[in-house]
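The residues making up each chain are set out below.
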Amino acid sequence: MLPFKLIYSDAYYLPIGQHIFPAEKYKRIHDRLLAVGIAEADDFLEPQPATDQDILLVHKPEYVHKLKTGTLTPREELEMEIPYSPELVEAFWLAAGGSILAARHALTDGIGISIGGGFHHAFPDHGEGFCVIHDVAVAIRRMQRDDKIRTAMTVDCDVHQGNGTAAIFAGTRTASTLLPSAGASTLDSSVLGSAPSKIRGAHAGDVFTISLHQHNNYPLWKPPSSIDVDLPDGIGDDDYLAWLDNALSSGLRQFEPDLLCYIAGADPYCEDQLGGLSLTIEGLKRRDELVFQVARTRKIPVMVTYAGGYAQKVEDTVTIHCNTVIAAKEIFSSAH
Ligand SMILES: [Zn+2]
């Protein structure tokens, strides 16, 4: 039995037909975790869909109305890059409910993982990049509304910048300043010195947003996160982990979150079709371990969502996502 819950439903499946987004990955992750004995049936919890009231904590009433009545404009539908259907809307309401449940369990168990979610390209008034509803933002706002948390930090390790997250939480910022780059870190500066990456950012309000992503990739317009790490093409495991460590240290020096929302995209993988970084499957697991170790050491509850993953072989995407659960099991089962 795992020392935490996995939030999952067969209805996480996105009804989008043949698509670069492998909507069947959620069920395959669930089935693999059971088949190899990482998890038992009792480790899984079935979420309820978010309520409209929950969704409206983040999204504009006009947009929610259009989604529920099927009245998006052709242009708005095109921008989502997945075909609209009432069933699609239901799947996104469920993903948001799953993230709410994962957040709730994070607060009681130290960590909660939704085998889904992470739709970080959704904006208050529109969807884009396969994302319709920003489930992580909905979960944060719901926890705040319930007085369970005051502050949160998003740590987005999908290969694509978390533009929706940055836009949603930008309004709460009170001041803006440039971060010191390397040197603020405990890392050997030689690791970072040669990389053309840069860290930019601004102070946050009640939600501090960190995004580590490939600079030369979607989205073209990247609204500023609290910390953006713009990585160069082709970066590998060691450089990536050094930048992640640096960003986490820097963020946690500036901000004390009551909840850490880890967006564990599988697409920084070297064989990803929509990514241009060069992480290995092992490197991605070390990434997960780093985030979990930092959260556990500092006693910050962490909720996990999965976001993207477009490996040439869907099996690799499934492996990377399963490894996130294995990493959590290793870190959260061990004695301090
Ligand atoms: Zn992505």
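Rules and cut-offs
Counting from 1, residues in each chain are numbered in the order their sequence is written. Local features in a predicted model are, by the rule used here, given only for residues with pLDDT of at least 70; side-chain atom pairs are given and counted only at 80 or more, and totals for whole chains, interfaces and linings are based on all residues. Note that the side-chain values use all heavy atoms of the structure and ignore hydrogens as well as water. Shown as donors are all N, O and S atoms within 2.8 Å of a metal ion, widened to 3.2 Å for Na, K and Ca; because water is not in the atom set, sites may appear incomplete. The geometry test gives tetrahedral to four donors whose angles all lie between 85 and 135 degrees, gives square planar to four donors and octahedral to six donors whose opposite members are over 155 degrees apart with all other angles between 65 and 115, and gives irregular to the rest. Each residue is placed in one exposure class: buried if its accessible area under a 1.4 Å probe, protein chains only, is under 20% of its type's maximum, exposed if it is over 50%, and partly exposed if it falls in between. Only C-alpha atoms enter the line fits that serve as axes; for helices the fit covers just the stretch in contact. Angles between N-to-C directions range over 0 to 180 degrees. Put simply, DSSP H or I for four residues or longer makes a helix, DSSP E for two residues or longer makes a strand, and each gets a number counted from the N terminus. Each crossing gets its handedness from the near helix: less than a right angle anticlockwise from the far helix is left-handed, clockwise is right-handed. Any two residues whose heavy atoms approach within 4.5 Å are treated as being in contact. By the convention adopted, Pro, Cys, Tyr, Trp, Phe, Met, Ile, Leu, Val and Ala count as nonpolar, Lys, Arg, Asp and Glu as charged, and the other residues, Gly among them, as polar. Reported orientations rely on four angle classes, namely roughly parallel under 35 degrees, roughly antiparallel over 145, roughly perpendicular from 65 to 115, and oblique for the rest. Working definition: a ring pair exists when centres of Phe, Tyr or Trp rings (six-membered ring for Trp) sit within 6.5 Å. Plane angles under 30 degrees give stacked, over 60 give edge-to-face, the rest tilted. The salt bridge definition used is simple: a Lys or Arg side-chain nitrogen within 4 Å of an Asp or Glu carboxyl oxygen.

A. Looking closely at the coordination of the zinc ion. Around the zinc ion, the protein contributes the donor atoms Asp158 (OD), Asp158 (OD), His160 (ND1) and Asp267 (OD), at 1.9 to 2.8 Å from the metal centre. Coordination at the zinc ion is irregular: its four donor atoms span angles of 52 to 151° at the metal. One chain supplies every donor for the zinc ion, spaced along it as D-x1-H-x106-D. Per residue, the accessibility class of Asp158 equals that of His160, and both read buried.

B. Region of interest: the packing of helix α10 (residues 281–297) against helix α11 (residues 314–333). Contact geometry for α10 and α11: axes closest at 9 Å, N-to-C directions at 35°. The two elements α10 and α11 cross, and the hand of that crossing is right-handed. Note on element contacts: α11 touches α10 through Asp316, Thr319, Ile320, Asn323, Thr324, Ile326, Ala327, Ala328, Glu330, Ile331 and Phe332, opposite Ile281, Leu284, Lys285, Asp288, Glu289, Phe292, Gln293 and Arg296. Looking at the contact of α10 with α11 residue by residue, the classes come out as nine nonpolar, four polar and six charged.

C. Broad picture of the packing of helix α5 (residues 86–109) against helix α6 (residues 135–145). Taken N-terminus to C-terminus, the directions of α5 and α6 make an angle of 50°; their axes are 8 Å apart at the nearest point. Considered as vectors, α5 and α6 are oriented oblique to each other. Remark: the crossing between α5 and α6 carries right-handed chirality. Where α5 abuts α6, its residues Ala95, Ala96, Ser99, Ile100, Ala103, Arg104 and Leu107 lie against Asp135, Val136, Val138, Ala139, Arg142 and Met143. Residues belonging to the contact of α5 with α6 are distributed by class as follows: nine nonpolar, one polar and three charged.

D. View of the packing of aromatic side chains. One pass over the full model with this rule turns up eleven aromatic pairs. When the ring of Phe21 is compared with that of Tyr310, the centres are 6.0 Å apart and the planes differ by 65°; the resulting orientation is edge-to-face. Taken together, the residues span a long stretch of sequence, with Phe21 in the loop between β1 (5–7) and α1 (25–35) and Tyr310 in the loop between β9 (302–305) and α11 at a distance of 289 residues.

E. Molecular detail of unusual backbone geometry. The amide bond that connects Tyr218 to the next residue, Pro219, takes the cis arrangement and shows omega of -5°. By the element assignment, Pro219 lies in the loop between β6 (207–214) and β7 (227–231). We note that Glu81 has phi near 65°; this positive angle belongs to a residue other than glycine. Structurally, the position occupied by Glu81 is in the loop between α4 (74–80) and α5. Take Glu81: its relative accessible area is 42%, and that puts it in the partly exposed class. In the Ramachandran plot, Lys299 falls in the positive-phi region, its phi being about 55° despite a non-glycine side chain. The topology assignment puts Lys299 in the loop between α10 and β9.

F. Structural view of the pattern of salt bridges. Taken as a whole, this structure holds 14 salt bridges when the rule is applied. Between Lys27 and Asp31 there is a salt bridge; the shortest N-O distance is 3.2 Å. Here the residue Lys27 and the residue Asp31 both occupy positions in helix α1, the gap between them amounting to four residues, near one helical turn. We classify Lys27 as partly exposed; its relative accessible area is 41%. For Asp31, a relative accessible area of 32% gives the class partly exposed. With its nearest N and O atoms 3.3 Å apart, the salt bridge here joins Arg286 to Asp238. With Arg286 in helix α10 and Asp238 in helix α9 (residues 237–254), this pair connects stretches of sequence that are 48 residues apart. A single network of salt bridges, built from pairs that share partners, joins Glu24, Arg28, Arg32 and Glu315.

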